[in-house]
Amino acid sequence: MNKKAAGVFLTILGGASWGLSGSMGQYLFQYEGMDSRWLVPIRLSLSGIILLIWCFVRYGKFTFDPWKRRRTAALLLAYSLPGIALCQFLYFLTIQLSSAGMGTILQDLSPVMILLVSCLAQKKMPSGLQIASIVLALSGVFLLVTHGNLHTLQVSPQALTAGVLCAATVTVYNMLAAPLQVKYPVTLMQGWAFLLGGGLMMLIFRPWTVAYVPSAMGVFGIFFVVAVGNLIAFSAYIKGIGYIGPEKGILYGFSEPVTAAVVSTMFLGSSFTLWDLCGFILIFLMMVMISLDARNKKKELYQKPEHS
């Protein structure tokens, strides 16, 4: 019971930390004049350097082991660049174009995308629970984006596009992570992913060419999104799901959009209407459906009789 309680606490803490990081990103864009194209390369690079130093202290030369095999190196590159790096950029771009609450809730569409890709790969029709989760996800996004009125959009098309693409990149790196996690600690994978992603974003956006000098609060905000949004959130969430499993982790990780919505509404002036609340509830119910479906499949696997 102690491990279960610790798992619940750590998973909620991880999600809430990601939500706080998103809210800090909104503050930096809204009040400090930062741009996601300037912030994300710096955030990724700093996070990657810190994690890889920690990995080298703990694992020594094993830190460089992924690059010794061509297939593993190719997987890590795919996981890092179109997966982690693009996800981080699109996440903060969505926040910059809308709000932290909207950015996090659109990112949480990824479970239903993973479900659809899995069904296509296995050439299977979705189950009843899976179909219900898809309907709930689409209904939730509809309410968030339109507030029930088809003639007006509450979110810009650019923000909606960035948010949905962000969820797609979460799907990419989740499906590429499995073969890497068999061989390497998640912290090692993330360290390389952050560093490679930061390097790519540096080359694309060249933040050193931008005439922007952050204030003292801006510097604090950068370190906050690195320490809280990458290091604390990631470590707490991964440790938490190790205790309670990914099925429950999906549900408790909903603390991320809830935290972001509360903070951005109370302190950053973002609007949060009854329509938004209904949209959040429907997307949370989608996660409940997916969690139940995953739990049922696990039960079927354990109950399946063995053949001699």
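It should be noted that the structure appears before, not after, this text.
Described in the following lines is the structure provided in the data block. (Residues numbered from 1 in each chain as written. Predicted model: local features only at pLDDT ≥ 70, side-chain atom pairs only at ≥ 80, totals over all residues. Heavy atoms only, no water.)

**Side note on the pattern of salt bridges**
- Per the stated rule, a full pass over the model turns up 2 salt bridges.
- Here Arg 37 ties to Asp 35 by a salt bridge, and the two come within 2.9 Å at their closest N and O atoms. (Salt bridge = Lys/Arg side-chain N within 4 Å of Asp/Glu carboxyl O.)

**Describing a nonpolar patch on the surface**
- There is a patch of nonpolar side chains on the surface, built from Phe 272, Leu 274, Leu 277, Ile 281 and Leu 285 and spanning about 440 Å² of accessible area.
- Tracing the backbone through its elements, the reader meets Ile 281 in helix α12 (residues 274-303).
- Using a relative accessible area of 43% as the deciding quantity, one classes Ile 281 as partly exposed. (Patch = residues over 30% accessible without salt bridge, like charges linked within 9 Å, V, L, I, M, F, W, Y side chains within 5 Å. Areas by Shrake-Rupley, 256 points an atom, 1.4 Å probe, with all protein chains shown as cover. Helix = DSSP H or I, 4+ residues; strand = E, 2+ residues; numbered from the N terminus. Buried < 20%, exposed > 50% of the residue type's maximum accessible area, 1.4 Å probe, protein only.)

**Brief notes about the side chain of Thr 11**
- Among the secondary structure elements, Thr 11 is positioned in helix α1 (residues 2-31).
- There is a polar contact of 2.6 Å between the side chain of Thr 11 and the backbone oxygen of Gly 7.
- Among all residues touching Thr 11, those that are not within four sequence positions of it are Ala 236, Tyr 237, Gly 240, Ile 241, Ile 244, Gly 249, Tyr 252, Gly 253 and Ser 255. (Polar contact = N/O pair within 3.5 Å; in protein donor to acceptor, adjacent residues only side chain to side chain. Contact = heavy atoms within 4.5 Å.)

**A word on the packing of helix α3 (residues 70-97) against helix α8 (residues 186-205)**
- For the pair α3 and α8, interaxial distance at closest approach is 8 Å and the crossing angle is 65°. Crossing geometry of α3 relative to α8 is assigned as right-handed. Between α3 and α8, the residues in contact are Leu 76, Leu 77, Tyr 79, Ser 80, Leu 81, Ile 84, Ala 85, Leu 86, Gln 88 and Phe 89 and Met 189, Gln 190, Trp 192, Ala 193, Phe 194, Leu 196, Gly 197, Leu 200, Met 201 and Phe 205, respectively.
- A breakdown of the residues in the contact of α3 with α8 according to their chemical character gives 16 nonpolar, 4 polar and no charged. (Axes fitted to C-alpha atoms, helices over the stretch in contact; angles between N-to-C directions. Left-handed = near helix turned anticlockwise from the far one by under 90°. Nonpolar A, V, L, I, M, F, W, Y, C, P; charged D, E, K, R; others polar.)

**Comments concerning the packing of α1 against α3**
- Following both chains from N to C, one finds α1 and α3 inclined at 55°, their axes separated by 9 Å at the closest point. Here α1 lies oblique to α3, going by the angle between them. Along this stretch, α1 crosses α3, giving a crossing that reads as right-handed. Between α1, through Trp 18, Ser 21, Gly 22, Gly 25, Gln 26 and Phe 29, and α3, the contact on the second element is made entirely by Tyr 91, Phe 92, Ile 95 and Gln 96.
- Looking at the contact of α1 with α3 residue by residue, the class counts come to 5 nonpolar, 5 polar and no charged. (Parallel < 35°, antiparallel > 145°, perpendicular 65-115°, else oblique.)

**Thoughts on helix α6 (residues 128-146)**
- Relative to the 27 Å expected for 19 residues at 1.5 Å per residue, α6 spans 27 Å between its end C-alpha atoms, a close match to the ideal helical length.
- Looking one or two places after α6, you find His 147, whose phi comes out positive at around 55°. (Expected span 1.5 Å × (residues − 1).)

**A short note on the environment of Tyr 184**
- Within the fold, Tyr 184 resides in the loop between α7 (157-181) and α8.
- Through-space distance from the C-alpha of Tyr 184 to that of Asp 65 is 8.9 Å; in sequence the pair is 119 residues apart.
- The contacts of Tyr 184, once residues within four sequence positions are left out, are Phe 62, Asp 65, Pro 66, Arg 69, Thr 72 and Met 189.
- A polar contact is formed between the side chain of Tyr 184 and the side chain of Asp 65, at a distance of 2.7 Å.

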